[in-house]
Amino acid sequence: MQEVAVLGGGLVGASLAYRLACHGARVTVFDRADPGQATAAGAGILPPLDHFIGVQAVLPLLRAARQYYPELLAVLAQDGELDTGYDVVGALQVATNDLELAELTHVERECVARRDAGFAHIGELSRVDGAGARKHFPLLSQTVRGALYAAGAARVDARRLLAALRRALQKRGGRWQSASAEVALAGGRALGVLSGGRLWPADSVVIAAGAWSALEGERLGLPLLARPQRGQLVHLELPGTDTSRWPIVLGFGTHYLLAFPPNRIVAGATREDSSGHDASVTAGAIHAVLESALRLAPGLARARLSELRTGLRPVSPDGTPILGAAALYPNLYLATGHGGYGLEVGPYSGALVADLIVGKAPAVDLSPFAPSRFPGPAGVPAR
Ligand SMILES: Cc1cc2nc3c(=O)[nH]c(=O)nc-3n(C[C@H](O)[C@H](O)[C@H](O)COP(=O)(O)OP(=O)(O)OC[C@H]3O[C@@H](n4cnc5c(N)ncnc54)[C@H](O)[C@@H]3O)c2cc1C
């Protein structure tokens with residue numbers, strides 16, 4: 001039975017570990033739950049479209065990732081885990097001026113093209129006017145003049161999905177160490193990880209350390225893996241208003257709204273590239289998020305402020321995930337770099353790398369995501 005150590009227990013590491021356990025491997029996750037863990041902060045949007053428009057290499061991964069969600073939920077259900085916060089609620093891409101109304105036409109065309117190419121998750125598409133948009137999301141501003149509604153968009157509560165994966169992993173014999181760890185290398189191979197003052201031997205080791213992956217990579221002489229990009233968002237409550245079926249609202253900037261039962265609204269989010277690993281909540285960011293949210297939905301002014309969240313997105317040098325074996329260490333694997341789409345794609349990426357580790361051919365070609373694609377040291381270790 002193969003022994004695998006996974007460094008990092010965010011959504012990517014946990015889904016990878018769970019799939020390994022489903023394959024019959026012995027798995028230990030090492031996770032120190034840093035403040036700024038992206039999974040704990042993530043909004044939870046599984047959108048109709050995404051940031052990959054034009055990045056062809058990612059599309060097969062994305063398509064398969066969305067098809068995988070129901071499959072993963074079904075497997076978790078077999079393990080008795082039903083509380084994942086996943087639901088198909090639809091999404092409104094809203095337009096507030098002529099330019100954005102024209103842009104909606106492009107978005108609709110792209111959605112139709114994607115759906116024809118097998119992206120079934122986009123679902124039914126319809127154009128609605130401002131009043132039609134407000135029927136879906138009653139608090140929307142009168143300035144909203146039109147919207148594209150995509151019925152298949154979904155939301156997930158990443159904290160609950162992560163907790164479900166962790167419990168399911170443990171039910172299958174996997175171990176979870178709430179501790180810091182580092183990779184131990186010798187003779188061109190990973191020996192295991194060092195944690196709590198001892199070596200935990202492993203046949204394979206995975207770095208799934210989110211925005212901290214680069215720190216571990218640099219220590220090992222591997223190229224830059226993923227840098228942190230801070231995101232801050234606000235959780236609001238609308239006592240007495242049932243928000244459980246309200247759709248996701250996407251603006252044309254980085255702002256969005258998203259609802260959860262029974263009366264929660266999430267307003268996001270900043271994209272702060274120079275944050276480093278500082279996971280502070282800042283006044284300016286919260287001001288900017290609330291200003292965008294209230295412009296889009298002025299009725300939120302009466303909402304209660306319930307929580308401020310901040311997380312560090314793991315952004316790779318070329319914006320696409322880093323998945324596969326490190327160039328010169330055949331038993332050291334990487335699963336990181338999902339930036340702002342890790343809740344959408346991360347569970348599937350983790351599953352693909354797990355398949356690779358147990359010698360099963362991944363269902364999607366992982367060569368575009370190989371760690372060795374970066375220039376410079378390109379995976380060549382310094383020692
Ligand atoms: C504000 C915000 C909103 C977002 N919204 C969305 C969204 O709506 N949809 C979407 O698809 N994505 C979204 N994302 C992106 C998504 O959250 C991330 O891409 C995803 O959670 C990354 O998961 P991960 O497992 O790679 O990293 P993380 O969740 O950050 O987990 C990494 C873990 O590794 C641990 N770790 C690191 N180093 C070590 C070590 N040496 N030893 C032990 N443990 C270690 C850390 O403590 C951490 O727990 C959002 C992100 C943010 C910040």
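Look up: the structure comes first, before these words.
So, here is what we can say about the structure in this document. From a predicted model like this one, the values you see are computed outputs, not experimental measurements.

Reading the values: rules and limits
- Residues numbered from 1 in each chain as written.
- Predicted model: local features only at pLDDT ≥ 70, side-chain atom pairs only at ≥ 80, totals over all residues.
- Heavy atoms only, no water.
- Helix = DSSP H or I, 4+ residues; strand = E, 2+ residues; numbered from the N terminus.
- Rg over C-alpha atoms; globule rule 2.2 N^0.38 Å.
- Buried < 20%, exposed > 50% of the residue type's maximum accessible area, 1.4 Å probe, protein only.
- Areas by Shrake-Rupley, 256 points an atom, 1.4 Å probe, with all protein chains shown as cover.
- Near = heavy atom within 4 Å.
- Polar contact = N/O pair within 3.5 Å; in protein donor to acceptor, adjacent residues only side chain to side chain.
- Pairing = 2+ DSSP bridges.
- Salt bridge = Lys/Arg side-chain N within 4 Å of Asp/Glu carboxyl O.

A few words now on the overall build of the protein chain. The number of helices and strands found in the protein chain is nine helices and 20 strands. Taken over the C-alpha trace, the protein chain has a radius of gyration of 21 Å; the compact-globule value for 383 residues is 21 Å, and the two agree within 12%. In terms of principal-axis extent, the alpha carbons of the protein chain reach across some 65 × 45 × 40 Å. Of all 383 residues assigned to the protein chain, the portion counted as buried reaches 57%. Entry remark: accessible area of the protein chain is about 15000 Å², with carbon and sulfur atoms responsible for 54%.

The next subject is the site of the ligand. Around the ligand, the surrounding shell holds 37 residues, and the nearest of these are Asp31, Asp34, Thr39, Ile45 and Gly339. Between the ligand and Gly342 there is a distance of 3.1 Å, counted from an oxygen atom to a backbone nitrogen or oxygen. One of the backbone nitrogen or oxygen atoms of Glu344 is found 2.8 Å away from an oxygen atom of the ligand. The protein chains hide 98% of the 1000 Å² of surface that the ligand would expose on its own. Residue assignment for the shell around the ligand shows that the elements contributing at least two residues are α1 (11-22), α2 (38-41), β14 (227-237), β18 (304-315) and α9 (342-357).

Below, the discussion takes up the sheet that holds strand β4 (residues 87-88). Spatial strand order, β3-β8-β4: three strands in an open sheet with antiparallel pairing. The two strands at the open ends of the sheet, each matched to only one other strand, are β3 (45-46) and β4. Alignment of β3 against strand β8 (residues 154-155), held across two bridges, turns out to be antiparallel. Among the inter-strand pairings, Leu46 is bridged to a residue of β8, identified as Ala154.

The subject of this paragraph is the pattern of salt bridges. Taken as a whole and assessed by the stated rule, the structure comprises 24 salt bridges. As a salt-bridge pair, Glu216 and Arg219 come within 2.8 Å of each other at their nearest N and O atoms. Here Arg219 and Glu216 lie together in helix α7 (residues 213-220), a separation of three residues that amounts to about one turn. Classification of Glu216 as buried rests on a relative accessible area of 8%. Through salt bridges with shared partners, a single ionic network connects Asp83, Asp157, Arg160 and Arg264.

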